[in-house]
Amino acid sequence: MYKHSYTNAPSLYAECKDLKCPTDRTDCCCHCLLYNQPDFANVKSLLETTCQTQGFDVIFLPKFHCELNFIEKCWGYAKWIH
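The following paragraphs examine the structure supplied in this document. Residue indices begin from 1 for each chain and proceed along its sequence in written order. This being a predicted model, a pLDDT of at least 70 is required before a residue's local features are given, and a value of 80 or more before pairs of side-chain atoms are given or counted; all residues contribute to the totals for chains, interfaces and linings. Here the side-chain values reflect all heavy atoms present in the structure, with hydrogen atoms and water set aside.

Some thoughts on the overall build of the protein
Condition: Helical segments are the DSSP runs of H or I of at least four residues, strand segments are the runs of E of at least two, and each set is numbered from the N terminus. Every residue pair with non-hydrogen atoms within 4.5 Å of one another is taken to be in contact. Only the protein chains shown count as cover for residues, with accessible areas throughout obtained via the Shrake-Rupley method and a probe of 1.4 Å.
The number of helices and strands found in the protein is three helices and zero strands. When the helices and strands of the protein are listed from N to C terminus, the series reads α-α-α. For the protein, contacts bridging at least 24 residues in sequence account for 11% of all contacts bridging at least 6. Of the roughly 7900 Å² of accessible surface on the protein, 61% is carried by carbon and sulfur atoms.

Below is the structure:
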């Protein structure tokens, strides 16, 4: 079980201005804090590895961000035209 105590997380900005985090910090903003966690490390998943060995590119879309998710925009447009 992971136990983290990010007591300063509520006071952090979502991300540093222009995504330019200080190079000597790993907790300057929420983006940087999450980016540096082992769970979010740049490790390929089994799905990504399997697809790439078959010659397919895998594109991961942002989770829980309907404004940024291309599929949600497609569904919204499809609902609008019908």
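Digging into helix α3 (residues 70-81)
How we decide: The length a helix should cover is 1.5 Å for every residue beyond the first. In this scheme, a residue with accessible area under 20% of its type's maximum is buried, one over 50% is exposed, and one in between is partly exposed, where area comes from a 1.4 Å probe on protein chains only.
Its twelve residues place the ends of α3 17 Å apart at the C-alpha level, agreeing with the 16 Å of an ideal helix rising 1.5 Å per residue. With zero of twelve residues buried, α3 is to be regarded as a mostly surface element.

With respect to the packing of aromatic side chains
This is how the line gets drawn: Note on ring pairs: Phe, Tyr and Trp rings are taken, using the six-membered ring of Trp, and paired if centres are within 6.5 Å. Classes follow the plane angle, with under 30 degrees stacked, over 60 edge-to-face and the rest tilted.
Overall, the coordinates contain one aromatic pair when judged by the stated rule. Judged by centre distance (6.0 Å) and plane angle (35°), the rings of Tyr 77 and Trp 80 are tilted. Taken together, the residues span about one helical turn, with Tyr 77 and Trp 80 both in helix α3 at a distance of three residues. The residues Tyr 77 and Trp 80 share a single accessibility class, namely exposed.

What about the side chain of Glu 48?
Selection criterion: Under the counting rule used here, the positive set is Lys and Arg, the negative set is Asp and Glu, and His together with the chain ends is not counted. We define a salt bridge as a contact between a side-chain nitrogen of Lys or Arg and a carboxyl oxygen of Asp or Glu at a distance within 4 Å.
As for its position among the elements, Glu 48 is in helix α2 (residues 46-53). Lys 44 is the oppositely charged side chain nearest to the buried, salt-bridge-free Glu 48, at an N-O distance of 5.2 Å. Glu 48 has contacts with Val 58 and Phe 60, leaving out every residue within four places of it along the chain.

With respect to the state of the cysteines
Put simply, the rule reads: Any pair of cysteine sulfurs within 2.5 Å is marked as a disulfide.
According to the stated counting rule, one finds zero disulfides in the structure shown. Note on Cys 16: no disulfide assigned, nearest cysteine sulfur contributed by Cys 28 at a separation of 3.5 Å.

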